[in-house]
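Results of the structural survey
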Amino acid sequence: MATEDSTAPDLSVDLCGITLRNPTILASGILGLSRGLLQRVADSGTGAATIKSVTLEPRAGHNNPTVIAYEAGMLNAVGYSNPGIDATLDEFSDLDEVPIPVFASAVGQNAEEFAEATEKLLQCDFAAIELPLSCPHTPGYGTMAGHGTPATTEEIARAVRQVTDKPVFIKISPNVSAVGEVALAALEGGADGITAVNSLGPGMIINLETRTPVLGFRAGGVTGPALRPVAVRCIYDVRAAMRREGWDAPIIGVGGVSTGRHALEMIMAGANAVGVGTAVYQRGPEVFAKIRNELQRECNKLHISCLADAHASAQE
């Protein structure tokens, strides 16, 4: 089991009253398939975990191959494959033995479906609800359904706010120029925080021998190192927009975080916590402890005693 250095800087984080022992969060779609896997990532040092996104009915998703690694990260088009909400409720009906906060991830094709899925998920003891409005490669969902506009973002946030008092995080797309305006619309609709960002694109990789796109869906979302500079800029823009309008909502920064230095960069840009996804494939499930330990060393080197000292410091 990963252990923490009691003499290290304070890496604990508060997200809407949810205490994380460190700012790392397992991103949705990566190992969050069962209680057993959540326990594994908890043992590996993560501060919290997000389950794989779930729809009201089971979905087969896109045809294989759905994920490919390349020199700058990964390309994926999974298509929201999941067993449906009833099976998800069975799997996560007892989270008492998972020693970290667990976030649900609910998706729908319209505001009513998002609200219905969220209401059903309240049967389990999830700490918060994440709503991805930003998938770039699934027809009927996310950006392919127009969910990323300020108006639709606010509509969905408002519908979900009516069915739950739990913290709600809206996961936004990097594929818009005014990302801060989308984030503000989510907050105006009643969201408690923002997850920034989802995958970029879609992009495409072609197999030269077969002369066809590699992925079954042809195009997919870009994640990993290629996404990180875009994610950092989006986080910076969202925090700046919040400050301009008087909001102090938490941001979960996601996109290419694989080291402690990357995590601190996002925190300085304005994130309160960081989601980790592609790096789990690159560095193994132990990446959470590695990032935590590296973050501790970076904080010591820069004389940062707690993350609040670094938070949004690049904005000043």
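Before reading on, note that the structure itself is shown above.
This report concerns the structure included in the present document. (Residues numbered from 1 in each chain as written. Predicted model: local features only at pLDDT ≥ 70, side-chain atom pairs only at ≥ 80, totals over all residues. Heavy atoms only, no water.)

Re the packing of helix H3 (residues 111–121) against helix H4 (residues 150–161)
With their axes 8 Å apart at the nearest point, H3 and H4 run at an angle of 35° to one another. Regarding H3 and H4, the two cross each other, and that crossing is right-handed. Facing Ala-111, Phe-114, Ala-115 and Thr-118 of H3, the residues of H4 in contact are Glu-155, Ile-156, Ala-159 and Val-160. Considering only residue class, the contact of H3 with H4 consists of six nonpolar, one polar and one charged. (Axes fitted to C-alpha atoms, helices over the stretch in contact; angles between N-to-C directions. Helix = DSSP H or I, 4+ residues; strand = E, 2+ residues; numbered from the N terminus. Left-handed = near helix turned anticlockwise from the far one by under 90°. Contact = heavy atoms within 4.5 Å. Nonpolar A, V, L, I, M, F, W, Y, C, P; charged D, E, K, R; others polar.)

Quick look at the sheet that holds strand E4 (residues 48–50)
Read around the closed barrel, the eight strands follow the order E3-E4-E7-E8-E9-E10-E15-E16; overall the barrel is parallel. Taken pair by pair, the neighbouring strands of this sheet meet at an average axis angle of 25°, ignoring direction. In this sheet, strand E15 (residues 251–254) lies alongside strand E10 (residues 193–196) in parallel orientation, the contact comprising three bridges. Across the sheet, residue Thr-195 finds its bridge partner in E15, namely Ile-252. Where H4 meets the sheet, it contacts strand E8 (128–132) and strand E9 (168–172), and its direction lies at approximately 160° from that of E9. (Pairing = 2+ DSSP bridges.)

Points about the sheet that holds strand E6 (residues 73–76)
Spatial strand order, E5-E6-E14-E11: four strands in an open sheet with antiparallel pairing. Where the open sheet ends on each side, the last strands, each with one partner, are strand E5 (67–70) and strand E11 (200–203). Across the sheet, the mean angle from the axis of one strand to that of its neighbour is 30°, orientation sign disregarded. As paired strands, E5 and E6 are joined by four bridges and run antiparallel to one another. From the neighbouring strand, Ala-69 faces E6, where its bridge partner is Met-74.

So, the layout of surface pockets
In this approach the atoms are scanned with a rolling probe the size of a water molecule, which exposes any empty space left behind. Taken as a whole, the largest pocket spans an internal volume of roughly 710 Å³. Forming the walls of the largest pocket are 38 residues, and the residues nearest its centre are Ser-28, Gly-29, Ile-30, Asn-76 and Thr-223. Every element with two or more residues in the lining of the largest pocket is listed here: E6, E8, strand E16 (273–276) and helix H8 (278–283). Among the elements that take part in the lining of the largest pocket, H8 stands out by supplying three residues, more than any other. As a volume, the second largest pocket reaches approximately 170 Å³. Taken together, the residues that form the lining of the second largest pocket break down as six nonpolar, three polar and two charged. (1 Å grid on protein atoms, 1.4 Å probe; cavity = no way out; pocket = protein on both sides within 12 Å on 5 of 7 lines; lining within 4 Å. Points joined across faces, edges and corners; volume = space filled by probe spheres on them.)

Focus on empty space enclosed by the protein
All chains considered together, the criterion is met by two cavities of 30 Å³ or more. Of the voids in this model, the largest cavity is the one considered here, and its volume is about 60 Å³. Along the walls of the largest cavity sit Ile-25, Leu-26, Ala-27, Ser-28, Thr-50, Phe-103, Glu-130, Lys-171, Thr-195, Ile-252, Val-254 and Gly-275, which together make up its complete lining. The set of elements that each furnish at least two residues to the lining of the largest cavity consists of strand E3 (24–26) and E15. Per-class residue counts for the lining of the largest cavity are six nonpolar, four polar and two charged. Considering only enclosed or pocket space, the second largest cavity measures out at about 50 Å³ in volume. Residue lining of the second largest cavity: Leu-133, Ser-134, His-147, Gly-148, Thr-153, Lys-171, Ile-172, Ser-173, Val-176 and Val-182, and that is the complete set.

Side note on helix H6 (residues 228–245)
The first and last C-alpha atoms of H6 sit 26 Å apart over 18 residues, in line with the 26 Å expected at 1.5 Å per residue. Of all the positions in H6, only Ala-231, Val-232, Cys-234, Ile-235, Val-238, Arg-239, Ala-241 and Met-242 are classed as buried. Those residues of H6 hidden inside the fold are in contact with E9, helix H5 (179–188), E10, E15 and helix H7 (260–269). Phi for Gly-246, located one or two positions after H6, is positive at around 85°. (Expected span 1.5 Å × (residues − 1). Buried < 20%, exposed > 50% of the residue type's maximum accessible area, 1.4 Å probe, protein only.)

Here's the deal with the nonpolar core
Among the nonpolar cores identified, the biggest contains 69 residues, and Leu-38, Leu-121, Phe-126, Leu-131, Ile-170, Ile-172 and Ile-194 are the most heavily contacted of them. With six residues, the top contributor of residues to this core is H6. Setting aside residues up to four positions removed in sequence, Ile-172 forms contacts with Ser-134, Val-179, Val-182, Ala-183, Ile-194, Thr-195, Ala-196, Val-197, Asn-198 and Val-238. Ala-27, Phe-169, Ile-252 and Ile-267 belong to the second-largest nonpolar core, a separate cluster that totals 21 residues. (Core = buried A, V, L, I, M, F, W, Y, C linked by side-chain atoms within 4.5 Å.)

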